[in-house]
Amino acid sequence: GAIEEFTYANVARGLTRGVDVEGGWAAGWLAFDAAYSYLYGRDLTAQLPLLGVTPHSARATLHLVRTAFLDPSITVLYWSRAPAEQTSLGLNTVTTYRASFTRVDARVARTIARAWDLQVGVHNLFGATPMLWPGTTARELYAGVSFRR
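Residues numbered from 1 in each chain as written. Predicted model: local features only at pLDDT ≥ 70, side-chain atom pairs only at ≥ 80, totals over all residues. Heavy atoms only, no water.

What follows is about the side chain of Thr-75. Tracing the sequence through the fold places Thr-75 in strand E5 (residues 70-79). Of note is the side chain of Thr-75, whose polar atom sits 2.9 Å from the side chain of Thr-61. In this structure, Thr-75 is in contact with Arg-59, Ala-60, Thr-61, Arg-103, Val-104 and Asp-105, ignoring residues within four places of it in sequence. (Helix = DSSP H or I, 4+ residues; strand = E, 2+ residues; numbered from the N terminus. Polar contact = N/O pair within 3.5 Å; in protein donor to acceptor, adjacent residues only side chain to side chain. Contact = heavy atoms within 4.5 Å.)

Laid out in structure tokens, this is it:
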């Protein structure tokens, strides 16, 4: 693939403010939780949006609790479009936005010994590839072992 180059610049005066809301529900073997965040970011010197600040993000998880010795869950994550770069054209500044991004993650856990759990999962199950997102957004498989007290 192509090599990507990122340049970071300090902002003399910036402002961020936001709000988070989260809640959940559980009944028997089913659990659901969701969250929403709003973040406002502004470069006060240039009077432009702060780069990389995603104004809206959300998460929803559906979890089947201890179904046939398994703990499966599926999570949907969403990030709205965000300013990615700014180009000065004379007296005007043009802001380019990175695309919004919706990702689906899946995970299954199983107790393998008294207090030991094994987890396997995938981030970005469907391989979504939004434009202008820094770093990698590729599908990621993972496995792990954890200890519970």
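Next up on the list: the packing of aromatic side chains. Applying the stated criterion across every chain yields a total of 4 aromatic pairs. Judged by centre distance (5.2 Å) and plane angle (65°), the ring pair of Phe-101 and Trp-133 falls under edge-to-face. With Phe-101 in strand E8 (residues 101-113) and Trp-133 in the loop between strand E9 (116-123) and strand E10 (140-147), this pair connects stretches of sequence that are 32 residues apart. With relative accessibility at 14%, the residue Trp-133 sits in the buried group. Ring geometry for Trp-116 versus Phe-147: centroids 5.0 Å apart, planes at 55°, classification tilted. One end of the pair, Trp-116, is in strand E9; the other, Phe-147, is in strand E10, and 31 residues separate them in sequence. Trp-116 gets classed as partly exposed once you look at its relative accessible area, which sits at 41%. The ring of Tyr-97 has Arg-81 sitting right over it, with the charged end atom 3.8 Å from the ring centre. (Phe/Tyr/Trp six-rings, centres within 6.5 Å; stacked < 30°, edge-to-face > 60°. Buried < 20%, exposed > 50% of the residue type's maximum accessible area, 1.4 Å probe, protein only. Lys NZ or Arg CZ within 6 Å of the ring centre and 35° of its normal.)

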